[in-house]
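Residue strings, one per chain:
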Amino acid sequence: MEEYAYVLDFLPQGLPNSSFSKKEPICFALGENEFKLFELVPRANVNLASGDRIYIGKNISLRKEIDHVKRRIAVEDLTNFANEELEFIVSEIVKSNQNRYINFYNTAGPISLKKHLLEELPGLGKKTMNEILNERKKGDFKDFEDLDARVPLLKGAEKPIVARILLEIKDQDRRHYLFVTK
């Protein structure tokens with residue numbers, strides 16, 4: 001269950017294709033922990049901006065901006081603007097929850113005899129994976145900066161994580177999910 005979400009787009013006049021009599025403000029948002037996409041109905045006279053972190057959990061007294069969750073949506077239901085904001089928001093979530101993703105680098109293990117979980121990250125090949133594994137034997141990575149310093153081949157430790165999350169959000173037919181909950 002998502003407690004917090006990040007605003008991707010806010011339409012104070014509602015969706016352009018909805019009938020005039022049913023116009024209500026709509027907000028598209030991305031969940032902070034499970035990366036679920038939502039269509040939300042904001043409270044009256046609330047102004048939201050892309051990137052705002054909002055509470056959408058069960059405790060209604062904590063919901064200052066959102067009246068209710070209208071429905072879960074797929075990436076195809078997003079507006080063009082929301083789609084454009086997706087990568088930026090995912091990147092912000094990854095950076096603000098750095099410990100969770102550094103833990104992935106510190107604990108990821110083999111999937112099979114021939115494949116390692118780290119290889120599931122886009123752009124990360126065997127050479128970089130082996131360098132990560134060799135450095136991790138010397139001690140856990142503390143943060144993205146530490147990982148980048150110890151594994152120069154990686155060039156931005158959060159980028160493969162962000163790319164994988166975007167892949168999981170956009171590809172509904174994936175067999176394995178590392179970060180997105182379906």
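Residues numbered from 1 in each chain as written. Predicted model: local features only at pLDDT ≥ 70, side-chain atom pairs only at ≥ 80, totals over all residues. Heavy atoms only, no water.

Pulling in residues and values, what's your account of the nonpolar core?
As a rule of thumb, nonpolar side chains are buried together in soluble globular proteins. Within the largest apolar cluster, 42 residues are counted, with the highest numbers of intra-cluster contacts made by Leu30, Phe35, Tyr105, Leu118, Ile165 and Ile169. Put simply, the parts of the chain that give this core at least two residues each are β1 (4-11), β2 (26-31), β3 (37-42), α1 (80-96), α2 (98-107), α3 (126-137), α4 (144-150) and α5 (158-170). Considering every element that reaches this core, the biggest residue donor is α1, with 6 residues. If sequence neighbours within four positions are ignored, Ile169 has contacts with Leu30, Phe35, Leu37, Val75, Leu86, Val90, Val180 and Lys182. Within the second largest apolar cluster, 12 residues are counted, among which are Val7, Val46, Leu48 and Ile56. (Core = buried A, V, L, I, M, F, W, Y, C linked by side-chain atoms within 4.5 Å. Buried < 20%, exposed > 50% of the residue type's maximum accessible area, 1.4 Å probe, protein only. Helix = DSSP H or I, 4+ residues; strand = E, 2+ residues; numbered from the N terminus. Contact = heavy atoms within 4.5 Å.)

Describe the packing of aromatic side chains, with residues and values.
When we look at a pair of aromatic rings, we describe it by the centre distance and by the angle of the planes. Counted under the stated rule, the structure contains 4 aromatic pairs. Between Phe104 and Tyr105 the ring centres are 6.2 Å apart and the planes differ by 70 degrees, which places this aromatic pair in the edge-to-face class. Residue classification places Tyr105 among the buried positions, given a relative accessible area of 0%. Ring centres of Phe104 and Phe179 lie 5.1 Å apart, and the angle between their planes is 65 degrees; this geometry places the pair in the edge-to-face category. With Phe104 in helix α2 and Phe179 in the segment after α5, this pair connects stretches of sequence that are 75 residues apart. (Phe/Tyr/Trp six-rings, centres within 6.5 Å; stacked < 30°, edge-to-face > 60°.)

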